[in-house]
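# Structural overview
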Amino acid sequence: MADSLRDQLLKSGIVKQVQQDRAREPKRPIPPPSGKPARKGGKPHAASHAARPSGQSQQDIDLAKAYALRAQTEARERQRVEREAAEQARLRRERKQKIQQLLDGKALNKADADQPRNFEYGGKIRRVHVDAAQLSALNAGELGVVQQGGRYLLVSREIAEQVRDIDPHQLALLVDPAATGVGDDGVPDDLMW
């Protein structure tokens, strides 16, 4: 039959060791409870020092060291994560600034454009308004669409490729001129809805 947990512990010698350790500890008298509340701060009672065995004191010191080491390790890890996040934010700002400088005055959007060109970006269908000439150039891959500051800017292919080199996530649409002109779903890209 299966031995009980106590029997297994006795056979393995763990319980015996604990009992021997307890036998070595000197019996300490339990101080009678006084009506006074325990003092906060200040010096502890001399009786509390005498009541604590040396083995437990060493264990408390080791435990305190372990907690201190753990706190230091966690602090270093936290600082490393913060440094990495700050570095990533700095790099994003630099990329955004480069793209902004690249796009200054080079957007080809027209206020009187009347034809919407729909495209997928970020998992959603987006829209940019173009005229007939821009629509055919966009579908031919001569123009591209870049997302900057919440807007979709129509730019030349060269500018769109430079933006892709800086940050590919900012390039919203750039048609490959070698493509067949038919999307994955079998619908032509220039089909008007």
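None of the values given here were measured: they were computed from a predicted structure.

Secondary structure assignment for the protein chain yields six helices and five strands. Starting at the N terminus and walking to the C terminus, you meet the elements of the protein chain as α-α-α-α-β-β-α-β-β-α-β. With 193 residues in all, the protein chain has 22% of them scored as buried. A fraction of 49% describes how many contacts in the protein chain between residues 6 or more apart in sequence connect residues 24 or more apart. A total of about 15,100 Å² of accessible surface is found on the protein chain, and carbon and sulfur atoms cover 54% of it.

If you check which residues of helix α6 (residues 157–166) are buried, you get Arg157, Ile159, Ala160 and Val163. For α6, the arc enclosing every buried residue in end-on projection is 160°, short of the 170-degree limit, so these residues lie on one face. Exposed residues pointing more than 90 degrees away from the buried face of α6 are listed as Glu158 and Asp165.

With that settled, consider the environment of asparagine 118. Along the chain, the position of asparagine 118 falls in strand β1 (residues 115–121). With relative accessibility at 17%, the residue asparagine 118 sits in the buried group. C-alpha separation for the pair asparagine 118 and histidine 129, spaced eleven residues apart in sequence, amounts to 8.7 Å.

Formed by 14 residues in total, the largest nonpolar core has its most connected members in Phe119, Val145 and Tyr152. Among the elements of the structure, β1, β2 (124–130), α5 (132–140), β3 (143–148), β4 (151–156) and β5 (171–174) are those that each provide at least two residues to this core. In terms of residue count, the dominant contributor to this core is α5 (three residues). Once residues lying within four places of it in the same chain are set aside, the contact partners of valine 145 are Phe119, Val128, Leu138, Tyr152, Leu153, Leu154, Leu171, Ala172 and Leu173.

As a further point, take the sheet that holds β4. Across the sheet, which stays open at both edges, the three strands sit in the order β4-β3-β5 with antiparallel pairing between neighbours. Bordering the open sheet on either side are β4 and β5, each of which pairs with just one other strand. Neighbour-to-neighbour, the strand axes of this sheet turn through a mean angle of 25°, independent of strand direction. Across three bridges, β3 lies against β5 in antiparallel orientation. What sits directly across from valine 145, in β5, is leucine 173.

This next bit is on the pattern of salt bridges. Under the definition given, this model contains eight salt bridges. Here arginine 80 makes a salt bridge to glutamate 84, at a shortest N to O gap of 2.6 Å. Of the two residues, arginine 80 and glutamate 84 are both situated in helix α4 (residues 54–103); the distance of four residues between them amounts to about one turn of the helix. Classification of arginine 80 as partly exposed rests on a relative accessible area of 32%. Looking at glutamate 84, the relative accessible area reads 42%, which means it is partly exposed. For aspartate 167, the salt bridge is made with arginine 95, and the minimal N-O distance between the two is 3.9 Å. Of this pair, aspartate 167 sits in the loop between α6 and β5 while arginine 95 sits in helix α4, and the two are 72 residues apart along the sequence. Aspartate 167 sits in the buried class, given a relative accessible area of 11%.

Reading the values: rules and limits
Residues numbered from 1 in each chain as written. Predicted model: local features only at pLDDT ≥ 70, side-chain atom pairs only at ≥ 80, totals over all residues. Heavy atoms only, no water. Helix = DSSP H or I, 4+ residues; strand = E, 2+ residues; numbered from the N terminus. Buried < 20%, exposed > 50% of the residue type's maximum accessible area, 1.4 Å probe, protein only. Contact = heavy atoms within 4.5 Å. Areas by Shrake-Rupley, 256 points an atom, 1.4 Å probe, with all protein chains shown as cover. Arc of directions from axis to C-beta. Core = buried A, V, L, I, M, F, W, Y, C linked by side-chain atoms within 4.5 Å. Pairing = 2+ DSSP bridges. Axes fitted to C-alpha atoms, helices over the stretch in contact; angles between N-to-C directions. Salt bridge = Lys/Arg side-chain N within 4 Å of Asp/Glu carboxyl O.

As far as function goes, none of this settles anything; it's purely spatial.
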